[in-house]
Amino acid sequence: GEPWAGELVLFAGADAASLTERTRLSRRAVMGESLNPLAGGPEGRWDRASTLSLRLYRGQVSSGDRLSVLGGANRLAIEGPAGWEIVQFQHSRLEEDGSWTLTTLLRGLGGSATDGAAAGARIVVLDGASAVVPVHAHEAGADLLVRAVPAGGGLDDPARADRSVPYTQVEL
């Protein structure tokens, strides 16, 4: 896998002239992809019928008891056609081929989309390594420029990375 370069500072704004620091990423996120389609599901309720199979590029997941899941454990985001769905899971099983099977899903958290996802959808484990980029009230509904800069670097750092991000209710 790719080496972690170290802490990143995320800036955002309508354009390069209006960038302000929004958050910091201090460790590498655990990411992967779905191996099966995830059908649409209920919003904010347990989905005991669906199963999510995934392959992580690095890292692992683990099962959690019902109360720890309800308290925020075992969260991930999966990219679907209408945006990112925030899902929690109670049970995880490591398969012989190194993939994971997740069951007893809590779907559509935080008002996120619940229309499902195709096989091959991107997944990010929400374990504190990722962050929500805060959006100011005057920016709601507008596309934002997000710039990642190595900690200690300036906005013009040659190692910076820019991305134009369309506004949606749930952003990663």
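Residues numbered from 1 in each chain as written. Predicted model: local features only at pLDDT ≥ 70, side-chain atom pairs only at ≥ 80, totals over all residues. Heavy atoms only, no water.

Enquirer: Can you lay out the overall build of the protein for me, pointing to particular residues and giving the numbers?
Expert: Of regular secondary structure, the protein possesses 1 helix and 11 strands. Along the chain direction, N to C, the helices and strands of the protein fall in the order β-β-β-β-β-α-β-β-β-β-β-β. Projecting the C-alpha coordinates of the protein onto the three principal axes gives extents of approximately 50 × 35 × 30 Å. Burial status across the protein gives 42% buried among its 172 residues. Long-range pairs, those at least 24 residues apart, make up 62% of the contacts in the protein with a sequence separation of at least 6. (Helix = DSSP H or I, 4+ residues; strand = E, 2+ residues; numbered from the N terminus. Buried < 20%, exposed > 50% of the residue type's maximum accessible area, 1.4 Å probe, protein only. Contact = heavy atoms within 4.5 Å.)

Enquirer: Account for the sheet that holds strand β1 (residues 8–13), with residues named and values stated.
Expert: Backbone hydrogen bonds hold the strands of a sheet together, and the pairing may be parallel or antiparallel. With antiparallel pairing, the 4 strands of this open sheet are ordered in space as β2-β1-β10-β11. What marks the edges here is a single partner per strand, and that holds for β2 (20–25) and β11 (161–165). Pairwise comparison of adjacent strand axes, ignoring direction, gives a mean angle of 25° for this sheet. Direction of pairing for β1 relative to β2: antiparallel, over a ladder of 5 bridges. Bridged to Ala-12 within β2 is Thr-20. (Pairing = 2+ DSSP bridges. Axes fitted to C-alpha atoms, helices over the stretch in contact; angles between N-to-C directions.)

Enquirer: Got a sec to walk through unusual backbone geometry? Specific residues and values, please.
Expert: For residues other than glycine, phi is negative in most cases, and the peptide bonds are mostly trans. Residue Asn-74 is not a glycine yet carries a positive backbone phi of 60°. Its location among the elements puts Asn-74 in the loop between α1 (66–70) and β6 (75–80). Accessibility expressed as a relative area gives 18% for Asn-74, which makes it buried. You will see that Thr-104, though not glycine, has its phi angle at about 55°, which is positive. The residue Thr-104 is located in strand β8 (residues 100–106) in this model. Among the residues examined, Thr-104 registers a relative accessible area of 12% and is labelled buried.

Enquirer: Residue-level account of the nonpolar core, with values.
Expert: Within the largest apolar cluster, 17 residues are counted, with the highest numbers of intra-cluster contacts made by Leu-52, Leu-54, Leu-76, Ile-78 and Leu-102. For this core, the secondary-structure elements that each account for two or more residues are β5 (52–56), β6, β7 (83–94), β8 and β9 (122–125). With residues up to four places along the chain from it excluded, the contact list for Leu-52 reads Ser-34, Asn-36, Leu-38, Leu-76, Ile-78, Trp-100, Thr-101, Leu-102, Leu-105 and Ile-123. (Core = buried A, V, L, I, M, F, W, Y, C linked by side-chain atoms within 4.5 Å.)

Enquirer: Go over the pattern of salt bridges, please, and point to the residues and values.
Expert: Going through the model one piece at a time under the given rule, you end up with 10 salt bridges. With a shortest N-O distance of 2.9 Å, Arg-107 and Asp-47 are connected by a salt bridge. Here Arg-107, found in the loop between β8 and β9, pairs with Asp-47, found in strand β4 (residues 46–47); they are 60 residues apart in sequence, far enough to count as distant. Among the ionic pairs, Asp-97 bridges to Arg-55, the shortest N-O distance being 3.7 Å. Note that Asp-97 is positioned in the loop between β7 and β8 and Arg-55 in strand β5, a separation of 42 residues in sequence. Its relative accessible area of 31% is what places Arg-55 among the partly exposed residues. (Salt bridge = Lys/Arg side-chain N within 4 Å of Asp/Glu carboxyl O.)

Enquirer: An account of the side chain of Arg-22 is needed here, citing residue identities and associated values.
Expert: Residue placement: Arg-22 occurs in strand β2. Here the side chain of Arg-22 touches Ala-12 through a polar contact of 2.9 Å, landing on its backbone oxygen. Of the polar contacts made by the side chain of Arg-22, one reaches the side chain of Thr-20; its length is 2.8 Å. Apart from the residues lying within four places of it in its own chain, the contact partners of Arg-22 are Leu-10, Phe-11, Ala-12, Gly-13, Val-133, Pro-134, Val-135, His-136 and Glu-139. (Polar contact = N/O pair within 3.5 Å; in protein donor to acceptor, adjacent residues only side chain to side chain.)

Interpretation note: all reported values are geometric properties and have no functional meaning in isolation.
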